[in-house]
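# Structural features, examined
Okay, here's what each chain looks like letter by letter:
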Amino acid sequence: MSSTETNMIRIDKIKREMGAHDTTKKALAEKLGLSEISIARKLKGETQWTVIELEELAKIYKKERFYFF
């Protein structure tokens, strides 16, 4: 699987969790200490998620540590 495919799967997982928990981009940005624009770019695949951000997402959504990897 290519890194682009992996990133799209990751983004889909994040969007599903955001929807399931009614999390807005603004709320997620605040929880991660990022700007809303940064979150929007990450959700469009324009910029990559960091390891720390993915681990924090797992904590926020109560998933296994590597769920979003």
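Scroll up to find the structure this text is about.
Residues numbered from 1 in each chain as written. Predicted model: local features only at pLDDT ≥ 70, side-chain atom pairs only at ≥ 80, totals over all residues. Heavy atoms only, no water.

## Considerations on the overall build of the chain
Heads up, the condition is: Under the scheme used here, helices are H or I runs from DSSP no shorter than 4 residues and strands are E runs no shorter than 2 residues, and both carry numbers assigned from the N terminus. Throughout, the radius of gyration refers to the C-alpha atoms, and the reference size of a globule is 2.2 Å times the residue count to the power 0.38. The cut-offs for exposure are 20% and 50% of the maximum accessible area for each residue type, with area from a 1.4 Å probe on protein chains only; residues under the lower value are buried, those over the upper are exposed, and the others partly exposed. Here, residues are in contact when the closest pair of their heavy atoms is within 4.5 Å.
Across its full length, the chain carries four helices and zero strands. N-terminal to C-terminal, the α/β element order of the chain is α-α-α-α. Its C-alpha radius of gyration of 11 Å places the chain within 12% of the 11 Å reference for a compact globule of 69 residues. The C-alpha extent of the chain, read off along each of the three principal axes, is 30 × 25 × 20 Å. Split into buried and exposed, the 69 residues of the chain put 36% on the buried side. Taking all contacts inside the chain whose residues are at least 6 apart in sequence as the whole, residues at least 24 apart take part in 49%.

## Points about the pattern of salt bridges
Applied cut-off: Should a side-chain nitrogen of Lys or Arg be within 4 Å of a carboxyl oxygen of Asp or Glu, the pair is scored as a salt bridge.
Within this structure, the stated rule accounts for three salt bridges. One salt bridge in this structure joins Glu17 and Lys63, with 3.4 Å as the shortest N-O distance. You can see Glu17 sitting in helix 1 (residues 3–20) and its partner Lys63 sitting in the segment after helix 4 (51–60), a full 46 residues away along the chain. In this structure, the salt-bridge partner of Glu53 is Lys42, at a minimum N-O distance of 2.9 Å. Highlighted residues: Glu53 in helix 4 and Lys42 in helix 3 (residues 36–44), separated in sequence by eleven residues. Residue classification places Glu53 among the buried residues on the basis of a relative accessible area of 10%.

## Brief notes about the packing of aromatic side chains
Stated formally: Pairing of aromatic rings covers Phe, Tyr and Trp, the last counted by its six-membered ring, and requires centre-to-centre distances within 6.5 Å; plane angles under 30 degrees mean stacked, over 60 mean edge-to-face, and any other angle means tilted. Only lysine NZ and arginine CZ atoms are considered, and such an atom sits over a ring when it is within 6 Å of the ring centre and within 35 degrees of the ring normal.
Under the defined criterion, the tally for this structure stands at two aromatic pairs. Aromatic side chains Phe66 and Phe69 sit 5.2 Å apart centroid to centroid with 65 degrees between the ring planes, which places their arrangement in the edge-to-face category. By relative accessible area, which is 35% here, Phe69 ends up partly exposed. Centroid distance Tyr67 to Phe68: 4.8 Å. Interplanar angle 85 degrees. Geometry classified as edge-to-face. By relative accessible area, Tyr67 is classed as partly exposed at 25%. For the cation-ring pair, Lys13 lies above Tyr67, with the distance from its terminal atom to the ring centre recorded as 4.4 Å.

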